[in-house]
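Next come the chains, spelled out residue by residue.
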Amino acid sequence: MLKVIQVKDYDDMSEKACEMIIDRLKSLENPVLGLATGSTPEGLYQRIIEKYEQKEISFQNAMTFNLDEYVGLAKDDPNSYYYYMNEKLFKHIDIPKERIHLPNGTAADLEKECNDYEQLIHAQNHIDLQLLGLGVNGHIGFNEPGTPFSSRTSVVDLVESTINANSRFFDSIDDVPTQAISMGIKTIMESQEIILLASGDSKAEAIARLINGEVSEDFPASILKNHKRVTVIADEAALAKA
Ligand code: GLP
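Presented here is a report on the structure given in the accompanying data block. Note that the coordinates shown come from a computational prediction; the quantities given were computed from them, not determined experimentally.

## Some details on the overall build of the protein
Okay, step 1: Along the protein, the regular secondary structure elements total 7 helices and 10 strands.
Okay, step 2: Its C-alpha atoms give the protein a radius of gyration of 17 Å, near enough to 18 Å, the size a compact globule of 242 residues would have.
Okay, step 3: Buried residues in the protein amount to 54% of all 242 residues.
Okay, step 4: Considering only residue pairs separated by 6 or more positions, the protein has 80% of its internal contacts joining residues 24 or more positions apart.
Okay, step 5: Looking at the protein as shown, the accessible area adds up to about 10,900 Å², and 45% of this sits on carbon and sulfur atoms.
Okay, step 6: Across the protein, 23 positive and 39 negative side-chain charges occur, with their mean positions spaced 6 Å apart.

Below, the structure is given as structure tokens:
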């Protein structure tokens with residue numbers, strides 16, 4: 001069952017998501033957060049930083065696991081998700097460095113890296129709250145259409161539409177990595193609670209399919225309908241076709 005919260009625009013989406021996350025952070029002693037990258041959560045992270053600066057929350061006892069990372073991009077590469085997370089959130093808050101987790105896209109043994117990442121998540125029992133964006137093709141994390149719902153953290157090939165969509169961050173489309181490490185769909189589904197954010201008309205088709213379509217591996221986000229606690233926070237433009 002999806003709970004859908006309609007908000008007016010991007011700012012309202014960020015605000016609503018921030019409220020929910022702060023609420024969970026306050027109620028959990030050792031919150032384990034699953035985090036996402038992309039344009040969608042930037043406003044949310046900005047608000048979280050403000051709440052931290054106002055001393056409303058602390059991240060001393062929090063732990064984070066990001067959904068994905070590009071294969072081949074090092075932590076200090078401005079296009080790596082590690083760099084993004086550090087710039088947009090981590091360097092501004094009090095989370096201890098050793099409690100931050102992202103897959104390492106430059107690991108010598110990528111398969112081992114995936115298994116280790118999966119084990120690390122299991123060692124915490126579960127992710128308390130997983131944040132998700134939505135790919136225009138329905139991907140969650142970097143789990144592209146056709147990915148088995150039983151998937152665990154693995155190295156994945158990015159499809160052309162994803163490479164095109166993400167090329168806006170790179171100097172040239174040829175610089176966009178063609179592979180990533182992504183948390184698996186099964187791993188995502190084991191989170192206690194999930195919040196999916198969507199804003200803007202570029203997400204309208206995907207949101208309509210998520211809300212009205214069948215549960216199918218052709219559309220990875222559709223599996224969320226089988227989760228017991230998912231909230232979709234989407235703005236009017238994203239909900240325009242639903
Ligand atoms: C990217 C990321 C996803 C993200 C999605 C949407 O490729 N791997 O985790 O949620 O696509 O991105 P955006 O928020 O920029 O639209």
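## Comments concerning the side chain of E118
Okay, step 1: Inspection of the secondary structure assignment puts E118 in helix α4 (residues 110-123).
Okay, step 2: Residue class for E118 comes out buried when judged on its relative accessible area of 6%.
Okay, step 3: Within polar-contact distance, the side chain of E118 engages the side chain of T187 at 3.0 Å.
Okay, step 4: The contacts of E118, once residues within four sequence positions are left out, are R152, T153 and T187.

## Brief notes about the sheet that holds strand β7 (residues 154-157)
Okay, step 1: Strands sit in the order β4-β8-β7 across an open sheet of 3 strands; the sheet is antiparallel. Taken across any chain shown, the strands that pair with only one partner, and hence form the sheet edges, are β4 (68-70) and β7. Taking each pair of neighbouring strands and ignoring which way they run, the sheet shows an average axis angle of 30°.
Okay, step 2: In the sheet, β7 pairs with strand β8 (residues 179-182) via 4 bridges, with the strands oriented antiparallel. Across the sheet, residue D157 finds its bridge partner in β8, namely Q179.

## Describing the site of the ligand
Okay, step 1: Around the ligand lies a shell of 13 residues, among which S39, T40, D68, R168 and K203 are the nearest.
Okay, step 2: G141 is positioned with one of its backbone polar atoms (N or O) 3.3 Å from a nitrogen atom of the ligand.
Okay, step 3: Side-chain polar atom of N166 to an oxygen atom of the ligand: 2.9 Å apart, as the coordinates give it.
Okay, step 4: Here the ligand loses 93% of its free accessible area of 390 Å² to cover by the protein chains.

## A word on the pattern of salt bridges
Okay, step 1: Going through the model one piece at a time under the given rule, you end up with 15 salt bridges.
Okay, step 2: Residue E15 is joined to R47 by a salt bridge in which the shortest nitrogen-to-oxygen separation is 2.7 Å. With E15 in helix α1 (residues 10-27) and R47 in helix α2 (residues 42-53), the pair connects residues that are 32 residues apart, well separated along the chain.
Okay, step 3: For R47, a relative accessible area of 18% puts it in the buried group.

## Things to note about the sheet that holds strand β3 (residues 63-66)
Okay, step 1: The strand order across the open sheet formed by 7 strands is β1-β10-β9-β6-β2-β3-β5, and the pairing between neighbours is parallel. The sheet is open, and its two edges are formed by β1 (2-7) and β5 (100-101), each paired on a single side.
Okay, step 2: Pairing of β3 with β5 involves 2 bridges; the strand directions are parallel. Residue F65 lies in a different strand from β5, and its bridge partner there is H101.
Okay, step 3: α1 contacts β1, β2 (32-35), β6 (129-132), β9 (193-198) and β10 (230-235) of the sheet and is inclined by roughly 165° relative to β9.
Okay, step 4: Contacting β1, β9 and β10, helix α7 (residues 204-212) runs over the sheet at an angle of about 145° to β9.

## A word on the nonpolar core
Soluble globular proteins tend to pack their nonpolar side chains together in the buried interior.
Okay, step 1: Among the nonpolar cores identified, the biggest contains 42 residues, and L44, Y45, I48, F59, L89 and F90 are the most heavily contacted of them.
Okay, step 2: Secondary-structure elements contributing two or more residues to this core are β1, α1, β2, α2, α3 (81-88), β6 and β9.
Okay, step 3: Per-element accounting of this core gives the leading share, 7 residues, to α1.
Okay, step 4: The residues contacting Y45, other than those within four sequence positions of it, are L35, A36, Y84, M85, K88, L89 and L131.

Reading guide: rules and limits
Residues numbered from 1 in each chain as written. Predicted model: local features only at pLDDT ≥ 70, side-chain atom pairs only at ≥ 80, totals over all residues. Heavy atoms only, no water. Helix = DSSP H or I, 4+ residues; strand = E, 2+ residues; numbered from the N terminus. Rg over C-alpha atoms; globule rule 2.2 N^0.38 Å. Buried < 20%, exposed > 50% of the residue type's maximum accessible area, 1.4 Å probe, protein only. Contact = heavy atoms within 4.5 Å. Areas by Shrake-Rupley, 256 points an atom, 1.4 Å probe, with all protein chains shown as cover. Lys, Arg positive; Asp, Glu negative; His and termini not counted. Charge placed at Lys NZ, Arg CZ, Asp CG, Glu CD. Polar contact = N/O pair within 3.5 Å; in protein donor to acceptor, adjacent residues only side chain to side chain. Pairing = 2+ DSSP bridges. Axes fitted to C-alpha atoms, helices over the stretch in contact; angles between N-to-C directions. Near = heavy atom within 4 Å. Salt bridge = Lys/Arg side-chain N within 4 Å of Asp/Glu carboxyl O. Core = buried A, V, L, I, M, F, W, Y, C linked by side-chain atoms within 4.5 Å.

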